[in-house]
Amino acid sequence: MRHIAIVGSGPAGYYTAEAAVKKWGEDVRVDVFDRLPVPYGLIRTGVAPDHQSIKAVSKRYEKVALTDNVRFVGNVAVGTDVTVKELQDLYDAIVFATGAPHDRQLDIEGADLENVIGSAAFVGWYNGHPQFADLDPNLAGRNAVVIGMGNVALDVARILSKERCEFDGSDIVSHALEALCRSNIETVTILGRRGPHQIMMTPKELGELMHLDRASPHVDAADLPPVDDDAILEPGLRKSVTLLRDFAAIPESIHGEKRIAIEFDFFASPVSLRGTGGKVSEIEVERTKVEAGRAISTGETYTIPADLVVSCIGYRSSPIDGVPFDERAGRFPNDEGRILPGLYCVGWAKRGPSGTIGTNRPDGYAVIDVVEQDIGPGGRKRGREGFDELATSRGIDVVTFRDWQKIEQAEEAAARHGSPREKFVDVESMIAARDN
Ligand code: NAP
């Protein structure tokens, strides 16, 4: 019998569990740990609440979670409640599917001013992550600046621009919905340090900006390269750039009908943030030019009013006691997912924060192939039986998948009209719903 511990119950974790069951059937036991009492990681707290069709992939993970030889072990923080060494004594392999929950640091002067927020916190706030539910961003000013031109920047800009009825059918948490509906924001500037040909935004997500009730996207046609230059782009990026061209062609009459302007500011690298009374009020940026795909300084600077700044410049994984960590890369050092024999990583914890949810599937299958090479038919480890003894002796309050289903039912029962659920945003309420 093989005993596998997977740390993290997001897409990478459940695809890995699925791969283990496919490969070994009845000859494997998989425990999927999560520090939260609720599963699905980024599907629950990262994917935008108005993208329910993407969130529906959790149904696939539920099927895996409900197979007899897979268990959800929620409310257990590996590294604190239980050490990696303790798990190594019990399981043949530990696979870290812990994602990249921390922001890459915006390393400029003034980044510590009030209302300068990293995307992990801002996204966690509107998605009800217990760590960030209390963020309470100040949305009283008129000008928001979003740094970065990836899909997270798009999510943030879109969420800041929608009005109440556009959240119908979403599971945005009520505290965020109410705050956003009171917001005074009129301009959302998306800052890119490079040009239109270097954006990381995908066409489906970018195209959504065309269909917002009270906001429209503004692109200065002068920033766009000659149309013929688009021919060298890969098809997805070419589609995105075509959308930018469409945005540049939106007539003033249409912009005039919309209260919120989403301004694309290309060739603009953040230099510093300035504030009044400790709170951010403007951002200084430097004009760049792009040569061979790289942003080059020009020395020309200007300022943009900024009452709120959300930095969407990528993520880092968390180190875990007892596991080697590459500080520079912000993830576990690994060779095709192997950190050391017995310790593995998968998903963003393995390759960094890139790709779609689906990218994690081949990753999960590949890491199980590597695990197989190392552990063969398994050893004499005690697996879940040993963990249960440890948890009982230590008084760890494990939340099972059945417990989660009870929490889920309570969230569904509390949903606003038309919404799939009203999430609990703190661990105590989740546990109370289980115990109810
Ligand atoms: P991303 O795609 O890597 O984009 C990060 C952006 O930040 C880039 O435009 C980058 O510019 C910029 N940046 C990095 N450091 C910077 C700095 N110091 N100053 C200014 N700008 C800086 O990352 P992401 O948006 O966080 O997305 C992470 C992953 O999740 C991606 O694979 C994304 O597609 C995925 N995702 C998908 C969806 C969806 O499909 N709906 C939604 C959200 C996220 P440079 O290119 O110049 O470095």
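Up top is the structure.
Keep in mind the model is a prediction, meaning the values are calculated, not measured.

> I'm lost on the site of the ligand in this one. Help?
Not every one of the 22 residues close to the ligand is listed here, only the nearest: Met 149, Asn 151, Arg 193, Arg 194 and Gly 355. Taking Met 149, its main chain carries an N or O atom lying 2.9 Å from an oxygen atom of the ligand. Relative to its unbound accessible surface of 920 Å², the ligand loses 80% to contact with the protein. Take the shell around the ligand: its biggest share by element is three residues, from helix H7 (residues 151-161). Broken down by class, the residue content of the shell around the ligand amounts to 11 nonpolar, six polar and five charged.

> What exactly am I supposed to notice about helix H4 (residues 58-65) here?
Structural remark: α-helix, 3.6 residues per turn; residues separated by three or four positions point the same way. Of the positions making up H4, those classed as buried are Ser 58, Tyr 61, Glu 62, Val 64 and Ala 65. For H4, the angular spread of buried residues about the axis comes to 160°, placing them on one side. In this structure, the buried side of H4 is in contact with helix H1 (11-24), helix H2 (42-45), helix H3 (52-55), strand E3 (70-73) and helix H15 (401-413).

> What is the right way to read helix H8 (residues 174-181) from this model?
Every buried residue of H8 is accounted for by Ala 176, Leu 177, Ala 179 and Leu 180. Taken around the axis of H8, the buried residues stretch over an arc of 165°, which confines them to a single face. Looking at the buried side of H8, the elements it contacts are helix H6 (119-126) and H7.

> Explain the side chain of Ser 272 to me, please; I cannot follow it from the model alone.
Along the polypeptide, Ser 272 turns up in strand E11 (residues 268-276). Taking relative accessible area as the criterion, Ser 272 reaches 7% and is therefore assigned buried. The contact partners of Ser 272, leaving out residues within four places of it in the chain, are Ile 108, Glu 109, Glu 282, Ile 283 and Glu 284.

> How should I be thinking about the pattern of salt bridges in this particular structure?
Between side chains of opposite charge, a pair can form when the charged atoms approach closely. What the rule picks out here adds up to 35 salt bridges. Where Arg 44 meets Glu 411, a salt bridge forms, and the shortest distance between an N and an O atom there is 2.7 Å. Of this pair, Arg 44 sits in helix H2 while Glu 411 sits in helix H15, and the two are 367 residues apart along the sequence. On the basis of relative accessibility, which here comes to 0%, the residue Glu 411 falls in the buried class. Across the salt bridge formed by Arg 245 and Asp 230, the nearest N and O atoms sit 2.8 Å from each other. Of this pair, Arg 245 sits in helix H10 (residues 235-248) while Asp 230 sits in the loop between strand E9 (215-218) and H10, and the two are 15 residues apart along the sequence.

> Just checking my understanding: could you explain the packing of H1 against helix H13 (residues 360-375) for this structure?
In a packed pair of helices, the relevant descriptors are the angle between the two axes and the axis-to-axis distance. Running from N to C, H1 and H13 point in directions that differ by 50°, and their axes come no closer than 8 Å. Overall, the two elements H1 and H13 adopt an arrangement that is oblique. With respect to the hand of their crossing, H1 and H13 are arranged in right-handed fashion. Across the interface between the two elements, Pro 11, Ala 12, Tyr 15, Thr 16, Glu 18, Ala 19, Ala 20, Lys 22, Lys 23 and Trp 24 from H1 touch Asn 360, Arg 361, Gly 364, Tyr 365, Val 367, Ile 368, Asp 369, Val 371 and Glu 372 from H13.

> What's the story with the sheet that holds strand E13 (residues 294-305) in this structure? I'm lost.
On the basis of which strands lie adjacent, the open sheet formed by three strands has the order E11-E12-E13 and antiparallel pairing. Strands at the two margins of the open sheet, each flanked by one partner only, are E11 and E13. The mean inter-strand angle of the sheet, taken between neighbouring strand axes irrespective of direction, is 20°. Strand direction decides the pairing type here: strand E12 (residues 279-291) and E13, joined by nine bridges, are antiparallel. Its bridge partner being in E13, Val 285 is matched across the sheet by Tyr 302.

> Can you walk me through the sheet that holds strand E1 (residues 2-7) in this structure?
Sheets are built from strands that pair by backbone hydrogen bonding, the pairs being arranged parallel or antiparallel. If you walk across this open sheet you meet the six strands as E3-E2-E1-E4-E17-E16, and the pairing is mixed. Only two strands of the sheet have a single neighbouring strand rather than two, namely E3 and strand E16 (338-340). Here the average twist between neighbouring strands, direction ignored, is 25°. With four bridges joining them, strand E2 (residues 28-33) and E3 adopt parallel strand pairing. Among the inter-strand pairings, Asp 31 is bridged to a residue of E3, identified as Arg 71.

> Hey, could you run me through unusual backbone geometry in this one?
For residues besides glycine, phi is generally negative; the peptide bonds are generally trans as well. Non-glycine residue Phe 267 carries a positive phi angle of around 55°. The residue Phe 267 is located in the loop between strand E10 (260-265) and E11 in this model. Phi angles above zero are rare outside glycine, and Ala 292 is one such case at about 50°. As for its position among the elements, Ala 292 is in the loop between E12 and E13.

> Got a minute to help me understand the pairing of E10 in this structure?
Side chains on a regular strand alternate between the two faces of the sheet. For E10, the tally of buried residues reaches five of six residues, placing the bulk of the element in the interior. The pairing of E9 with E10 spans four bridges and is classified as parallel. Across the sheet, Ala 215 pairs through a bridge with Ile 260, a residue of E10.

Thresholds applied
- Residues numbered from 1 in each chain as written.
- Predicted model: local features only at pLDDT ≥ 70, side-chain atom pairs only at ≥ 80, totals over all residues.
- Heavy atoms only, no water.
- Near = heavy atom within 4 Å.
- Polar contact = N/O pair within 3.5 Å; in protein donor to acceptor, adjacent residues only side chain to side chain.
- Areas by Shrake-Rupley, 256 points an atom, 1.4 Å probe, with all protein chains shown as cover.
- Helix = DSSP H or I, 4+ residues; strand = E, 2+ residues; numbered from the N terminus.
- Nonpolar A, V, L, I, M, F, W, Y, C, P; charged D, E, K, R; others polar.
- Buried < 20%, exposed > 50% of the residue type's maximum accessible area, 1.4 Å probe, protein only.
- Arc of directions from axis to C-beta.
- Contact = heavy atoms within 4.5 Å.
- Salt bridge = Lys/Arg side-chain N within 4 Å of Asp/Glu carboxyl O.
- Axes fitted to C-alpha atoms, helices over the stretch in contact; angles between N-to-C directions.
- Parallel < 35°, antiparallel > 145°, perpendicular 65-115°, else oblique.
- Left-handed = near helix turned anticlockwise from the far one by under 90°.
- Pairing = 2+ DSSP bridges.

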